[in-house]
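Chain by chain, the residues:
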Amino acid sequence: MNESPKGPHLATLAHEGRIWDAHLEFEDDTSRRETYRARLRFSSPEADRSYRTAVIIIEPSYEEAVRRARGLDERQLSALLRSVLPAPEEGE
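Residues numbered from 1 in each chain as written. Predicted model: local features only at pLDDT ≥ 70, side-chain atom pairs only at ≥ 80, totals over all residues. Heavy atoms only, no water.

Enquirer: Looking at this structure, how should I read the nonpolar core?
Expert: Generally speaking, soluble globular proteins have nonpolar side chains that are buried together. Among the nonpolar cores identified, the biggest contains 20 residues, and Trp-20, Leu-24 and Phe-42 are the most heavily contacted of them. Those elements that place two or more of their residues in this core are strand 1 (9-15), strand 2 (18-26), strand 3 (36-43), helix 1 (62-70) and helix 2 (74-84). Not counting residues within four places of it along the chain, the set of residues in contact with Phe-42 comprises Leu-13, Trp-20, Asp-21, Ala-22, Ser-50, Tyr-51, Thr-53, Leu-77, Leu-80, Leu-81 and Val-84. (Core = buried A, V, L, I, M, F, W, Y, C linked by side-chain atoms within 4.5 Å. Buried < 20%, exposed > 50% of the residue type's maximum accessible area, 1.4 Å probe, protein only. Helix = DSSP H or I, 4+ residues; strand = E, 2+ residues; numbered from the N terminus. Contact = heavy atoms within 4.5 Å.)

Enquirer: Looking at this model, I keep getting lost on unusual backbone geometry. Mind explaining?
Expert: Comment: phi is negative for the bulk of residues other than glycine, and the bulk of peptide bonds are trans. Non-glycine residue Glu-16 carries a positive phi angle of around 50°. You can see Glu-16 is positioned in the loop between strand 1 and strand 2.

Enquirer: How do you make sense of the pattern of salt bridges when you look at a structure like this?
Expert: For side chains of opposite charge, pairing can occur when their charged atoms come near one another. Tallied over the full model, the rule gives eight salt bridges. Shared partners join several salt bridges into a network, and the residues in it are Glu-25, Arg-41 and Arg-52. (Salt bridge = Lys/Arg side-chain N within 4 Å of Asp/Glu carboxyl O.)

Enquirer: Help me out: how do you make sense of the pairing of strand 1 in this one?
Expert: One face of the sheet, then the other: side chains in a regular strand alternate in exactly this way. For strand 1 and strand 2, the ladder comprises six bridges, and the chain directions are antiparallel. Looking across to strand 2, one finds that Leu-13 is bridged to Trp-20. Between strand 1 and the antiparallel strand that follows it, strand 2, lie two residues; Glu-16 among them carries a positive phi value of about 50°. (Pairing = 2+ DSSP bridges.)

Enquirer: Sorry if this is basic, but what is going on with helix 1 here?
Expert: Residue pairs spaced three or four apart in an α-helix point in one direction, given the helix's 3.6 residues per turn. Of the positions making up helix 1, those classed as buried are Ala-65, Val-66 and Ala-69. Relative to the axis of helix 1, the buried residues are bounded by an arc of 95° and lie together on one face. Summarising the geometry of helix 1, the exposed residues directed more than 90 degrees from the buried face are Glu-63, Arg-67 and Arg-68. Where the residues of helix 1 are buried, they touch strand 1, strand 2, strand 3 and strand 5 (57-59). (Arc of directions from axis to C-beta.)

Enquirer: Help me understand the layout of surface pockets in this model?
Expert: To find leftover empty space, a probe the size of one water molecule is rolled over the atoms. Looking at the largest pocket, its volume works out to about 270 Å³. The wall of the largest pocket is formed by 13 residues, among which Glu-16, Arg-18, Trp-20, Leu-85 and Pro-86 lie closest to the centre. In terms of residue class, the lining of the largest pocket is made up of seven nonpolar, one polar and five charged. (1 Å grid on protein atoms, 1.4 Å probe; cavity = no way out; pocket = protein on both sides within 12 Å on 5 of 7 lines; lining within 4 Å. Points joined across faces, edges and corners; volume = space filled by probe spheres on them. Nonpolar A, V, L, I, M, F, W, Y, C, P; charged D, E, K, R; others polar.)

Enquirer: Got a minute to help me understand the environment of Arg-33 in this structure?
Expert: Tracing the chain through its elements places Arg-33 in the loop between strand 2 and strand 3. As for Arg-33 and Ser-61, which are separated by 28 residues in sequence, their C-alpha atoms are 9.8 Å apart.

Enquirer: Before we go on, may I ask you to explain helix 2 in this structure?
Expert: The complete set of buried residues in helix 2 reads Leu-77, Ser-78, Leu-81 and Val-84. Buried residues of helix 2 fall within an arc of 130° about the axis and therefore sit on the same side. Facing away from the buried side of helix 2 by over 90 degrees, the exposed positions are Arg-75 and Ser-83. For helix 2, the secondary structure elements touched by its buried residues are strand 1, strand 2, strand 3 and strand 4 (51-52).

Written out as structure tokens, the structure reads:
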């Protein structure tokens, strides 16, 4: 089951017949208070789970991290979504 979003909504994408929402998800790391580290989380009401990237946004402020993530275009977000989805099984 999908988890509720933890961060700002970035975009809604269509991929292989499903609608996906992309959210920015910040890492809770108190040892690195000087930076805001975040990953992208993709979820779909039709998927049984969410899929996350590694931490790919590292900025000195929350606002800069959100601005950087919102600067990703649809093509980049689609590529990141494809990179985290499991490979389709043969015959599908």
